[in-house]
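# Analysis of the macromolecular model
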2 protein chains.
Amino acid sequence: MTSDFRAFYFGRAVMVTGGLGFIGSNLARQLVALGADVLIVDSLIPDYGGNLFNIAGIEPCVRVNVADVRQESTMNYLVRGRDVIFNLAGQVSHVDSMRDPYTDLEINCRGQLSLLEACRKYNPGVKVVFAGTRQVYGKPDSLPVSEQHLVRPTDVNGINKAAGENYHLLYNNVFGIRACSLRLTNVYGPRQLVKHDRQGFIGWFTRLAVEDREIEIYGDGSQLRDFVYVDDVADAFLRAGASDVCNGDVFNVGGDEPISHRDLVNLLLGVAGTGRVRFVEWPLDKKRIDIGSFYADSRKFHAAVGWQPRVTLRDGLSASVDFYREHLAHYLDNAGDMPAGRG
Amino acid sequence: MTSDFRAFYFGRAVMVTGGLGFIGSNLARQLVALGADVLIVDSLIPDYGGNLFNIAGIEPCVRVNVADVRQESTMNYLVRGRDVIFNLAGQVSHVDSMRDPYTDLEINCRGQLSLLEACRKYNPGVKVVFAGTRQVYGKPDSLPVSEQHLVRPTDVNGINKAAGENYHLLYNNVFGIRACSLRLTNVYGPRQLVKHDRQGFIGWFTRLAVEDREIEIYGDGSQLRDFVYVDDVADAFLRAGASDVCNGDVFNVGGDEPISHRDLVNLLLGVAGTGRVRFVEWPLDKKRIDIGSFYADSRKFHAAVGWQPRVTLRDGLSASVDFYREHLAHYLDNAGDMPAGRG
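### Details of the packing of helix H6 (residues 156–175) of chain A against helix H6 (residues 156–175) of chain B
- With their axes 10 Å apart at the nearest point, H6(A) and H6(B) run at an angle of 170° to one another. Regarding the angle of H6(A) to H6(B), the classification is roughly antiparallel. Note on element contacts: H6(B) touches H6(A) through B:Val156, B:Ile159, B:Asn160, B:Ala163, B:Asn166, B:Tyr167 and B:Leu170, opposite A:Val156, A:Ile159, A:Asn160, A:Ala163, A:Asn166, A:Tyr167 and A:Leu170.
- Partitioning the contact of H6(A) with H6(B) into residue classes produces ten nonpolar, four polar and no charged.

### Notes on the confidence of the model for chain A
Residues and elements named next belong to chain A.
- In this model, chain A carries a mean pLDDT of 93, and residues with pLDDT of at least 70 account for 96%.
- Low pLDDT, under 50, characterises residues 335–343; the stretch is placed with twelve contacts to residues that sit more than four places away or in other chains.
- Of the two predicted TM-score estimates for the complex, the pTM is 0.92 and the ipTM is 0.88.

### Thoughts on helix H12 (residues 313–327) of chain A
Residues and elements named next belong to chain A.
- Between its first and last C-alpha, H12 extends 21 Å over 15 residues, near the 21 Å set by a 1.5 Å rise per residue.
- Within H12 the residues assigned to the buried category are Leu313, Gly316, Leu317, Ser320, Val321 and Tyr324. Viewed end-on, H12 has its buried residues packed into an arc of 135°, placing them on one side of the element. Away from its buried face, by an angle of more than 90 degrees, H12 presents the exposed residues Arg314, Asp315 and Glu326.
- Packed against the buried residues of H12 are strand E7 (186–188), helix H7 (201–210), strand E10 (227–229), strand E12 (259–260) and helix H9 (261–272).

### A word on unusual backbone geometry
- Between A:Leu143 and the following residue, A:Pro144, the backbone shows a cis peptide bond with an omega angle of -10°.
- Tracing the backbone through its elements, the reader meets A:Pro144 in the loop between strand E5 (127–133) and H6.
- One non-glycine residue, B:Asp47, adopts positive backbone phi at about 80°.
- Residue position: B:Asp47 is located in the loop between strand E2 (37–42) and strand E3 (62–66).
- What makes B:Asp47 partly exposed here is the crowd of 15 C-beta atoms within 10 Å.
- If you check the backbone angles, B:Arg191 has positive phi at about 80° while not being a glycine.
- Tracing the sequence through the fold places B:Arg191 in the loop between strand E7 (186–188) and helix H7 (201–210).
- Overall, B:Arg191 belongs to the buried group, with 27 C-beta atoms counted inside 10 Å.

### A short note on helix H8 (residues 230–242) of chain B
Residue and element names in this part refer to chain B.
- If you check H8, its first and last C-alpha atoms are 19 Å apart, about what 13 residues at 1.5 Å a residue would give, namely 18 Å.
- In terms of burial, H8 is largely enclosed, as twelve of its 13 residues are buried.
- Among all positions in H8, only Val230, Asp232, Val233, Ala234, Asp235, Ala236, Phe237, Leu238, Arg239, Ala240, Gly241 and Ala242 are buried.

### What to know about the domain arrangement of chain A
Residues and elements named next belong to chain A.
- One can read the domain layout of chain A as domain 1 (4–188 + 227–253) and domain 2 (201–225 + 257–294 + 311–337).
- Here domain 1 and domain 2 have C-alpha centroids that lie 25 Å from each other.
- Each partner contributes residues to the interface: domain 1 has 21 residues there, and domain 2 has 17 residues.
- The element that contributes the greatest number of residues to the side of domain 1 that touches domain 2 is helix H4 (residues 94–99), accounting for three residues.
- Residue composition of the side of domain 1 that touches domain 2, grouped by class: ten nonpolar, five polar and six charged.

### With respect to the interface of chain A and chain B
- Residue-level contacts link 22 residues of chain A with 22 residues of chain B.
- At the level of secondary structure, the elements contributing two or more residues to the side of chain A that touches chain B comprise helix H5 (101–122) and H6 of chain A.
- It is H6(A) that contributes the most residues to the side of chain A that touches chain B, nine residues altogether.
- When the residues that make up the side of chain A that touches chain B are grouped by side-chain class, the tally is 15 nonpolar, four polar and three charged.

### What to know about the nonpolar core
- With 200 residues, the main nonpolar core has A:Val233, A:Phe237, B:Val16, B:Val233 and B:Phe237 as its most contacted residues.
- Setting aside anything within four residues of it in sequence, one finds B:Phe237 in contact with B:Leu27, B:Phe86, B:Val129 and B:Leu182.

### Some details on the pairing of E2(B)
Residues and elements named next belong to chain B.
- When you tally the buried positions in E2, you get five out of six residues, the bulk of the element.
- Note: strand E1 (residues 13–17) against E2, five bridges, orientation parallel. Each residue of the ladder has a partner; that of Val16, found in E2, is Ile40.
- In this fold, E1 hands off to helix H2 (residues 22–33), which returns the chain to E2; that crossover is right-handed.

### Focus on the relation of the copies chain A and chain B
- With an RMSD of 0.0 Å, chain A superimposes on chain B once it is rotated by 180° and translated 0.0 Å along the axis. Viewed as a symmetry operation, the transformation between the two copies matches a two-fold axis. Closest approach to the rotation axis within chain A is made by the C-alpha atom of A:Leu150, at a distance of 2.7 Å.
- Looking at chain A, 100% of its interface residues are interface residues in chain B too, so the copies touch through the same face.

### Describing the sheet that holds strand E2 (residues 37–42) of chain A
Residue and element names in this part refer to chain A.
- Within the open sheet, the seven strands sit side by side as E3-E2-E1-E4-E5-E6-E11. Their pairing is parallel. Looking at the sheet topology across the chains shown, the edges are occupied by strand E3 (62–66) and strand E11 (250–253). Averaged over neighbouring strand pairs, the angle between their axes works out to 20° when direction is ignored.
- As paired elements, strand E1 (residues 13–17) and strand E4 (residues 84–87) share four bridges and run parallel to each other.

### Examining the environment of A:Ala240
Residue and element names in this part refer to chain A.
- With respect to the helices and strands, Ala240 occurs in helix H8 (residues 230–242).
- Note on Ala240: 29 C-beta atoms within 10 Å, which makes it buried.
- Dropping the residues within four chain positions of it, Ala240 is found in contact with Val129, Cys180, Leu182, Cys246 and Val305.

### Observations concerning the sheet that holds strand E5 (residues 127–133) of chain B
Residue and element names in this part refer to chain B.
- Pairing is parallel across the open sheet formed by seven strands, whose spatial order is E3-E2-E1-E4-E5-E6-E11. Strands at the two margins of the open sheet, each flanked by one partner only, are E3 and strand E11 (250–253). On average, each strand axis in the sheet is inclined to that of its neighbour by 20°, with strand direction left out of account.
- The sheet contacts of H6 involve E5, strand E6 (178–184) and E11, and relative to E5 the element is tilted by about 155°.

### Observations concerning the pairing of E2(A)
- Examined bridge by bridge, E2(A) and E3(A) share five bridges and lie parallel to one another. By the bridge assignment for E3(A), A:Val38 is matched with A:Val62.

### A word on the environment of B:Ala179
Residues and elements named next belong to chain B.
- Its place among the elements puts Ala179 in strand E6.
- When the 28 C-beta atoms within 10 Å are taken as the criterion, Ala179 is described as buried.
- Spatially, the C-alpha atom of Ala179 lies 9.6 Å from that of Tyr167, the residues being twelve residues apart in sequence.
- Not counting residues up to four positions away in its chain, the partners in contact with Ala179 are Val128, Phe130, His168, Leu169, Tyr171, Asn172 and Asn247.

Rules used throughout
Residues numbered from 1 in each chain as written. Chains lettered and ligands numbered in written order. Predicted model: local features only at pLDDT ≥ 70, side-chain atom pairs only at ≥ 80, totals over all residues. Axes fitted to C-alpha atoms, helices over the stretch in contact; angles between N-to-C directions. Helix = DSSP H or I, 4+ residues; strand = E, 2+ residues; numbered from the N terminus. Parallel < 35°, antiparallel > 145°, perpendicular 65-115°, else oblique. Contact = placed C-beta atoms within 7 Å. Nonpolar A, V, L, I, M, F, W, Y, C, P; charged D, E, K, R; others polar. pLDDT = per-residue confidence, 0-100. Expected span 1.5 Å × (residues − 1). Buried ≥ 20, exposed ≤ 12 C-beta atoms within 10 Å, placed from the backbone. Arc of directions from axis to C-beta. Domains from an automatic or database assignment. Core = buried A, V, L, I, M, F, W, Y, C linked by C-beta atoms within 7 Å. Pairing = 2+ DSSP bridges. Right-handed = clockwise from strand over helix to strand, strands pointing away. Least-squares fit on C-alpha atoms with pLDDT ≥ 70 in both.

Below, the structure written as structure tokens:
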């Protein structure tokens with residue numbers, strides 16, 4: 001399993017839903033490098049993370065099909081002939097899911113059913129790797145959180161992502177559509193959406209540091225998180241897609257050691273050499289869905305396919321800062337989306 | 001808590017979604033007897049269990065509003081002024097959910113969001129008791145199954161019911177809409193849908209016994225289940241609705257001792273004095289979503305509100321048989337719905 005999972009993708013027909021987004025595009029880049037036949041499907045819904053600049057340099061090597069996973073007939077067509085589907089399309093903002101639960105439901109539940117039904121009818125031999133989330137666990141009973149922890153999500157997004165994940169396991173178990181789910185923790189790195197702060201704080205913080213602005217930490221910043229660099233996450237998807245050991249199961253994919261928000265920001269500011277920090281009170285809407293400290297136990301996935309994170313937090317933050325320093329303009333095209341009263 | 005929870009309902013404005021169905025109508029009867037102001041909301045979708053005969057005798061004492069929980073504007077209107085909502089509306093057939101996952105999603109996820117959003121906007125002081133299901137657990141790791149068991153549903157219905165339940169807990173925790181969920185195991189008794197066999201086997205078996213027909217048991221009938229009589233379940237809802245101890249939590253509501261399918265059928269045939277049994281192979285579509293033996297540990301709910309089942313299986317089956325002997329014609333109005341090749 002050290003390198004044969006990479007050889008597996010040579011000439012392989014793959015599809016990446018959400019492939020113009022943060023993780024999807026970084027995965028697509030690795031797939032292109034491995035010689036795969038890459039079909040990117042993305043809705044390019046504004047504010048969701050899809051960005052054509054994310055595939056700058058690999059455009060000639062991929063096919064991009066703009067489509068929404070909720071569109072059943074389109075999915076019925078697109079899934080045909082694909083060997084592996086990396087299913088990363090989704091609404092990912094917890095805050096947005098609380099403001100508009102119906103849209104989150106449509107994308108994260110109905111859209112997943114559309115894709116799986118399409119596979120069942122038109123491509124039952126496919127392998128599907130679903131981008132799950134640690135959000136399904138909610139506020140942890142104990143740390144680190146393994147896959148044996150109860151699923152008890154605390155926001156609409158977590159509830160719907162849990163349903164979407166369960167559909168994948170069900171289609172594996174009942175209909176034989178080989179599928180598994182990777183429950184990602186806090187992923188960071190180049191090509192993340194940074195034009196607003198509703199898709200996780202690390203991308204937003206990196207932008208603020210690069211822009212030499214003030215980073216706000218809620219409370220005392222003592223709560224812990226684990227962070228995993230996007231190239232390591234792409235590697236996790238590649239391993240899961242190539243291995244039938246993972247079928248019908250869920251795996252945590254997280255960083256190797258937890259760090260507090262406070263220490264993370266200090267590290268980021270040190271790496272960037274710009275920006276500053278200010279501690280503020282928790283906003284009520286965020287406090288209500290906060291889960292305190294969280295970090296995952298990813299040993300199950302390591303045992304299954306040999307994966308482990310390779311990029312240190314310092315190196316990953318450094319690469320992120322360098323990327324946004326060079327390319328930030330491509331991630332700000334709707335400057336009006338910047339939330340009022342921040343920064 | 002011995003009787004004050006019953007006094008609580010005198011003059012109280014309650015709403016029962018799915019109130020023309022099996023459990024809803026039995027609950028509505030108890031509420032009428034306690035002097036509550038009862039609004040029944042039911043979609044009367046054919047095949048789902050709603051039946052006007054279920055409220056025979058109490059029609060003058062209840063208000064019936066035919067409506068679908070998916071209809072947001074209707075729910076916005078109906079929830080106003082209600083003190084307690086017993087939320088039993090749902091698609092309950094596991095088999096149907098596998099054939100048509102989208103409809104199950106719309107009713108069991110979107111419909112629940114509609115109701116909860118209506119409460120959030122127009123009646124935030126209401127108390128909501130949700131009819132959950134043991135189906136969310138899937139195939140158990142160990143028996144009896146407590147609320148600490150992982151939620152790992154094996155069919156679309158179980159996945160969507162888990163999401164619907166989680167929405168209730170979320171609206172309790174985040175928006176202060178007091179809500180809890182009762183995870184019902186196998187409920188039986190008068191007024192259950194028996195015109196087809198897709199809503200659980202016990203009603204169907206009772207009908208076959210009453211009609212002196214053959215009951216088919218899949219496999220050797222050794223798998224265990226716990227059964228709970230509908231009046232005991234109605235009592236559970238009444239207790240949960242009157243108690244704030246339950247808010248934001250889930251509780252198993254099951255029978256007090258497990259019995260095998262085989263012994264259950266023998267008991268039923270003995271009580272009825274008619275019918276017979278035949279052992280057959282498992283049909284593939286049912287075997288794929290079967291979960292083996294299952295019985296619940298309901299001690300948490302007992303500890304919270306003092307509930308325990310009071311009707312023995314023999315007495316409950318006897319009451320069911322008597323009921324269907326007298327009223328079966330009212331439960332067969334679409335005889336064409338009877339599945340081919342059974343009975």
